[in-house]
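Report on the structure
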Amino acid sequence: MPGLRAGACINCFSARPFPKYQVLKAVKPRRESVIVCIHQVVSFRTAVSHASALIQLRGDTWFLQLLPGDGQNLVTEDVTVVEGDVATISCRVKNSDDSVIQLLNPNRQTIYFRDFRPLKDSRFQLVNFSNSELRVSLTNVSISDEGRYFCQLYTDPPQEIYTTITVLVPPRNLVIDIQKEIAVEGEEIELNCTAMASRPATTIRWFKGNKELTGKSEVEQWSDMYTVTSQLLLKVGREDDGVPVICLVDHPAVKDLQTQRYLEVMYKPQVRVSQNYPVQGLTREGEPLELTCAAFGKPQPTDMRWLRVDDEMPQHVVVSGSNLLISNLNKTDNGTYRCEASNAVGKSHADYMLFVYDSRAGEEGAIRSVDHAVVGGVVAVVVFAMLCLLIILGRYFARHKGTYFTHEAKGADDAADADTAIINAEGGQNNSEEKKEYFI
């Protein structure tokens, strides 16, 4: 076979190539010497695509024929690594026959030849070397290390395959910028989230609390890096005060990378009026009334006052801060009482409608309620009695319904005519005198 070197057996053979054979002529035509020499020739990896050899002695000449075998398969895989991490390159051989494996960088410089490293880069370290594998690690990977790395196998002809190293770069900075640090209820504010210097470009997602929102992203490329900016327009309300707005990044080089800003929203007061006394029941003449006004807002309301809508406040009404007190109610106090509160954002109010009842309104109401209960009980008893009577009458008539036989016309069947039948019948005129009744 072409490429077979007899020089490895310089003291044993002379060789000249033929199309199908490599002819080796032994100086000492002994089979043992030929076998040893052939082993030396094969050890030079000059015929690695063959699995066996046929030796024949013809006269004083030995003929060596290398027979094709299954061949060798050189395999590797692509590598994806995060910048700064470790990348591992593996060159593997199936059906190996001890051929030389070599690893080269994208510039075709030899990194490792067998277990020897010609390249003066200490980041490359030998992980494993055997007849079937050359495995090398590359520490502290950077963008400049990205590219094709070649695995070579010294065969005839040589085999070569490449693996690609892809370097991922996570965003170097993630920042949320808010157009207005403090917003007012009802305003629309603009938020921008920027993920700088990543590879590949990131995907930015927005959340307000647990609710996902939709933003608009723009991508800028600088050399091999990408900067992504996402804009979010948000109309805020008082319920958004203190709620976090989250900017989250989806990127293969990083997990759960996010940043957040808490919204600060100012809103006008929320006012509520409560009745302290009487706790329950009617507001009646001669009794006291106490009301309390509560107001909440951002900023906290500083101005709070009571007034009477469409009328002047009675002189006997006492206002103390957020409380309103009327010690002796009368019907002239009827009306709507309003509590107003204000802050830097605006003004709000809550109303209380007062209606003063007569002093005996509660007692009369109780009496009327008792009367109604008595009348209701009597009506229920009467209805029950009528139902019972109807049931009894129904059962009575059901028992007396049917056909009855009497003896009043007994003997009338043999009479010749109607008159004779009446005379002969029992209960007829002959017996009518016997059955007389006298009424006194």
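Placed above this text is the structure.
In what follows, the accompanying structure is described. Here the residue numbers are simple positions, counted from 1 along each chain's written sequence. Note on the predicted model: pLDDT of at least 70 is required for a residue's local features to be given, and 80 or more for side-chain atom pairs to be given and counted; whole-chain, interface and lining totals, by contrast, use all residues. Neither water nor hydrogens contribute to the side-chain values; these are computed over all heavy atoms in the structure.

Structural notes on the overall build of the protein
What counts is decided by this rule: Only DSSP runs of H or I with at least four residues qualify as helices, and only runs of E with at least two residues qualify as strands; both kinds are numbered from the N terminus onward. Working definition: with a 1.4 Å probe on protein chains only, accessible area under 20% of the residue-type maximum means buried, over 50% means exposed, and in between means partly exposed. Throughout, a residue-residue contact means that at least one pair of heavy atoms, one from each residue, lies within 4.5 Å. Every accessible area reported is derived by Shrake-Rupley at a probe size of 1.4 Å, with residue values counting cover from the shown protein chains alone.
Within the protein, the regular secondary structure consists of three helices and 29 strands. Here the protein holds 440 residues, and 32% of them are scored as buried. In the protein, the proportion of contacts linking residues at least 24 apart, taken out of those at least 6 apart, comes to 60%. Surface accessibility of the protein: about 27,700 Å² in total, with carbon and sulfur atoms responsible for 52%.

Points about the sheet that holds strand 15 (residues 183–184)
Quick reminder of the rule: Being paired, for any two strands, means DSSP has found at least two bridges between them.
Taken in spatial order, the five strands make up an open sheet running 15-23-24-27-26, and their pairing is mixed. Two strands close off the open sheet at either side, each with one partner strand: strand 15 and strand 26 (317–320). Across eight bridges, strand 23 (residues 265–277) lies against strand 24 (residues 289–298) in antiparallel orientation. Looking across to strand 24, one finds that Val-273 is bridged to Cys-293.

Remarks on the nonpolar core
Put simply, the rule reads: For our purposes a nonpolar core is just a set of buried Ala, Val, Leu, Ile, Met, Phe, Trp, Tyr and Cys residues, chained together by side-chain atoms within 4.5 Å.
If you look at the biggest cluster of nonpolar residues, it comprises 25 residues, and the most contacted ones within it are Leu-103, Ile-111, Phe-124, Leu-134, Tyr-149 and Ile-165. Only strand 6 (79–82), strand 7 (87–94), strand 8 (101–104), strand 9 (110–113), strand 11 (133–138), strand 12 (147–153) and strand 13 (159–168) provide two or more residues apiece to this core. A total of four residues in this core trace back to one element, the largest contributor, which is strand 7. Beyond its immediate stretch of four places on either side in the chain, Leu-134 contacts Ile-89, Ser-90, Cys-91, Ile-101, Gln-102, Leu-103, Tyr-112, Arg-114, Leu-126, Asn-128 and Phe-129. The next biggest cluster of nonpolar side chains, apart from the first, holds 20 residues, and it includes Leu-174, Trp-206, Val-245 and Val-249.

Remarks on unusual backbone geometry
Of note, the bond from Arg-199 into Pro-200 is cis; its omega dihedral lies within 30 degrees of zero at -5°. You can see Pro-200 is positioned in the loop between strand 16 (188–198) and strand 17 (203–208). Lys-298 connects to Pro-299 through a cis peptide bond whose omega is 0°. Tracing the backbone through its elements, the reader meets Pro-299 in the loop between strand 24 and strand 25 (303–308). Phi angles above zero are rare outside glycine, and Ala-197 is one such case at about 50°. Summarising the element assignment, Ala-197 is placed in strand 16.

Some words on the packing of aromatic side chains
Aromatic ring pairs: the centre-centre distance and the angle between the two ring planes describe each pair. To keep it simple, the criterion reads: Centres within 6.5 Å make a pair out of two Phe, Tyr or Trp rings, where for Trp the six-membered ring is used; the pair is then stacked when the planes are under 30 degrees apart, edge-to-face when over 60, and tilted otherwise. By definition, being over a ring means that NZ of Lys or CZ of Arg is both within 6 Å of the ring centre and within 35 degrees of the ring normal.
For the coordinates displayed, the defined rule picks out three aromatic pairs. Ring geometry for Phe-355 versus Tyr-357: centroids 4.8 Å apart, planes at 75°, classification edge-to-face. Above the ring of Phe-150, the side-chain terminus of Arg-108 is found at 3.8 Å from the ring centroid. Seen from the ring of Tyr-162, Arg-148 lies directly overhead, with NZ or CZ sitting 4.0 Å from the centre.

Concerning the environment of Arg-360
Within the secondary structure, Arg-360 sits in the loop between strand 29 (347–354) and helix 2 (361–399). Residues Arg-360 and Glu-285, 75 residues apart in the sequence, show an inter-C-alpha distance of 8.9 Å.

Quick look at the pattern of salt bridges
Pairing between side chains becomes possible if they bear opposite charge and their charged atoms approach one another. For clarity, the threshold we go by: Whenever Lys or Arg places a side-chain nitrogen within 4 Å of a carboxyl oxygen from Asp or Glu, that contact is recorded as a salt bridge.
In total, this model carries 20 salt bridges according to the counting rule given. The partner of Asp-240 in a salt bridge is Lys-208, with the nearest N and O atoms 3.0 Å apart. With Asp-240 in the loop between strand 20 (225–235) and strand 21 (244–251) and Lys-208 in strand 17, the pair connects residues that are 32 residues apart, well separated along the chain. Accessibility classification places Asp-240 together with Lys-208 in one group, the buried group. Here the salt bridges do not stand alone but share partners, grouping Asp-121, Arg-123 and Asp-145 into one network.

Topic: the pairing of strand 21
The buried fraction of strand 21 amounts to seven of the eight residues, a majority that puts the element mostly inside the structure. Pairing analysis gives six bridges linking strand 17 to strand 21, with the strands arranged antiparallel. Each residue of the ladder has a partner; that of Phe-207, found in strand 21, is Ile-246. In the sheet, strand 21 pairs with strand 22 (residues 254–262) via seven bridges, with the strands oriented antiparallel.

Digging into a nonpolar patch on the surface
Inclusion rule: Think of a patch as exposed residues, more than 30% relative accessible area, with no salt bridge, where like charges cluster within 9 Å and nonpolar side chains (Val, Leu, Ile, Met, Phe, Trp, Tyr) cluster within 5 Å.
On the surface, Val-375, Val-379, Val-383, Leu-387 and Leu-390 cluster together into a nonpolar patch covering about 460 Å² of accessible area. Examined against the element boundaries, Val-379 turns out to sit in helix 2. Look at Val-379 and you get partly exposed, because its relative accessible area is 47%.

A few points about the pairing of strand 14 (residues 173–178)
Side chains Leu-174, Ile-176 and Ile-178 of strand 14 all project onto a buried face; the interleaved residues Asn-173, Val-175 and Asp-177 project onto a face where none is buried. Across six bridges, strand 14 lies against strand 16 in antiparallel orientation. The residue bridging Asn-173 from the neighbouring strand is Met-196, located in strand 16.

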